[in-house]
Amino acid sequence: MASTQQVRSAQHDYDFDCLVFIGRFQPPHLGHLAVIHEALKRARQVIVLVGSAWQARSLRNPWRFDERQAMLRGCFDEEDNQRLDIEPLLDALYNDDVWVRDVQRKVRDVASPQHGRLPRTGLIGASRGQSSYYLSLFPQWESVSVPLVEGISASQIRERLFRSHSSAGDYLSTGAAHDLPPSVHTALGTFADEEPFQRLIEEQQLLEQYRSAWAEAPYPPIFVTVNAVVVQSGHVLLVKRTAAPGKGLLALPGGFINPHERLLDACLRELRERLRLKVPEPVLKGSLRGQRLFDEPHRSWRGRTLAEAFYFALRPEQQLPQLKPAKGGDHARWVALADLEPESLFEDHFFIIQNFLGLPADFGGS
């Protein structure tokens, strides 16, 4: 006997076999739902690609993929959920080609062929949203534009939630959260009672203190930092952060430059003073294989922060160089490249490593 979905699909003359909607959904809101509802009206199958998957929790990415997936599923009935495929998508901040390939592969693997032919596929998004940028990267797909739902902003929702416990409670309990679907509202209320929420509140308060210190500056500050990507024998040198933001996460060695310091000198100083890396400076300089400026506007919680990263490829040896952190320095360690996970690294540091080493962008699971 044909299922209800098969009968409906046979009776419904859809414009598309498949429509693709890409977003971060941090968190899902009524604007996102308007796009998905329109996609369900016009396509037999809807693929929702959830960006910033496998990222460490932060003020910009508070919820993991599985949490966002559950929130989205809760907004639709069983019949609609049968036509929804919700898949994780890893960012590739400094390589559009890697990101485009990942999107293409996801859609290719998930989209269902119809009667032995390739599915008619489109990319759907809200007008004046990021969809116009996405469209330029996928000329092989048709575009569908949905009117933007005015007055709804995921960044404003996050700001209201993480300003303080009281502001989060007011937002969720007084009806002010009118831009959230009921299932998302419930999920956020539960999240507000969990330990990760408390850590994000602390990071938001720290960020406000940071901003207030620069409030009187005549122009928005732009910070310059350096990072070292030191690799030997299939391992990369990382430090474990001991304080917020990103407490407990792994990070590349580095820091702010001094006023009268060249960038490479600042990088070498960080390795020498904070980590006491047992490699002579001439050897380090001779091992330099590349450098690049990393300038994604949202890469750092501090605001506009530029990072110049230096890639040192040390000669393979049976023993990895010793590390002896200075007093007050970071807890350094050598980490096997196979053990690197984006969600365990601070800010965009996984993508910086990926840029120099060409690490794959594919991760299993959800």
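Reading guide: rules and limits
Residues numbered from 1 in each chain as written. Predicted model: local features only at pLDDT ≥ 70, side-chain atom pairs only at ≥ 80, totals over all residues. Heavy atoms only, no water. Helix = DSSP H or I, 4+ residues; strand = E, 2+ residues; numbered from the N terminus. Buried < 20%, exposed > 50% of the residue type's maximum accessible area, 1.4 Å probe, protein only. Contact = heavy atoms within 4.5 Å. Salt bridge = Lys/Arg side-chain N within 4 Å of Asp/Glu carboxyl O. Pairing = 2+ DSSP bridges. Axes fitted to C-alpha atoms, helices over the stretch in contact; angles between N-to-C directions. Expected span 1.5 Å × (residues − 1). Phe/Tyr/Trp six-rings, centres within 6.5 Å; stacked < 30°, edge-to-face > 60°. Lys NZ or Arg CZ within 6 Å of the ring centre and 35° of its normal. Core = buried A, V, L, I, M, F, W, Y, C linked by side-chain atoms within 4.5 Å.

Going by the annotation in an unreviewed UniProt entry, the name recorded for the protein chain is Bifunctional nicotinamide-nucleotide adenylyltransferase/Nudix hydroxylase, with Franzmannia qiaohouensis given as the source organism.

S.K.: Can you break down the overall build of the protein chain residue by residue, with the values?
M.R.: Helices and strands together make up the secondary structure of the protein chain, namely 13 helices and twelve strands. Across the 366 residues in the protein chain, those meeting the buried criterion constitute 49%. Considering only contacts in the protein chain between residues 6 or more positions apart, those separated by 24 or more positions represent 71%.

S.K.: How would you sum up the environment of V231? Please name residues and give values.
M.R.: Examined against the element boundaries, V231 turns out to sit in strand β6 (residues 223-232). Its relative accessible area of 10% is what places V231 among the buried residues. In sequence terms V231 and L357 are 126 residues apart; their C-alpha atoms lie 9.3 Å from each other. In this structure, V231 is in contact with V236, Y311, F312, A313, L314 and L357, ignoring residues within four places of it in sequence.

S.K.: Account for the pattern of salt bridges, naming residues and giving values.
M.R.: Summed over all chains, the structure comprises 18 salt bridges. Note that E261 is salt-bridged to R269, the shortest N-O span being 2.6 Å. Residue class for E261 comes out buried when judged on its relative accessible area of 19%. Between E270 and R269 there is a salt bridge, with its nearest N and O atoms 3.3 Å apart.

S.K.: Help me get a handle on the sheet that holds strand β4 (residues 121-126), residues and values and all.
M.R.: Spatial strand order, β3-β2-β1-β4-β5: five strands in an open sheet with parallel pairing. The open sheet has two edge strands with one neighbour each: β3 (84-88) and β5 (142-146). Mean inter-strand twist for the sheet, computed between neighbouring axes without regard to direction, equals 25°. Two elements, strand β1 (residues 16-23) and strand β2 (residues 43-50), share seven bridges in a ladder whose sense is parallel.

S.K.: Can you lay out helix α5 (residues 96-110) for me, pointing to particular residues and giving the numbers?
M.R.: Because an α-helix packs 3.6 residues into every turn, residues spaced three or four apart end up facing the same way. Across its 15 residues, α5 extends 21 Å between first and last C-alpha, which sits within 8% of the 21 Å expected from 1.5 Å per residue. By the burial criterion, the buried members of α5 are V98, W99, V100, D102, V103, K106, V107 and V110.

S.K.: Residue-level account of the packing of aromatic side chains, with values.
M.R.: What characterises a pair of aromatic rings is the spacing of the ring centres plus the angle enclosed by the ring planes. Under the criterion given, the structure shown has 15 aromatic pairs. Centre to centre, the rings of W63 and F162 are 5.9 Å apart; their planes meet at 40°, and the pair counts as tilted. With a gap of 99 residues between them, W63 in the loop between β2 and α3 (65-73) and F162 in helix α7 (residues 154-162) connect regions that are remote in the sequence. Across the pair, exposure class does not vary: W63 and F162 are buried alike. Feature note: the residues Y210, W214, F223, F256 and W301 constitute an aromatic cluster, connected by ring pairs. In this structure, R120 packs its charged tip against the face of F16, placed 4.6 Å from the ring centre. A cation over an aromatic ring shows up here: R241 above the ring of F346, its NZ or CZ 4.1 Å from the ring centre.

S.K.: Tell me about the nonpolar core, residues and numbers included.
M.R.: Ranked by size, the top nonpolar core spans 87 residues in total, and within it V48, L161, V230, L271 and F312 carry the most contacts. Leaving out residues up to four positions away in the same chain, V48 has contacts with F21, F25, I36, L72, L84, D85, I86 and E87. Core analysis: the second largest hydrophobic core is formed by 19 residues, I47, L49, V100 and A111 among them.

S.K.: Give a description of the environment of W301 that names residues and reports values.
M.R.: Note that W301 resides in the loop between β10 (288-294) and β11 (305-313). With 98 residues separating them along the chain, W301 and E203 place their C-alpha atoms 9.1 Å apart. The residues touching W301, leaving out its near neighbours within four places in the chain, are E203, L206, L207, Y210, P245, F346 and E347.

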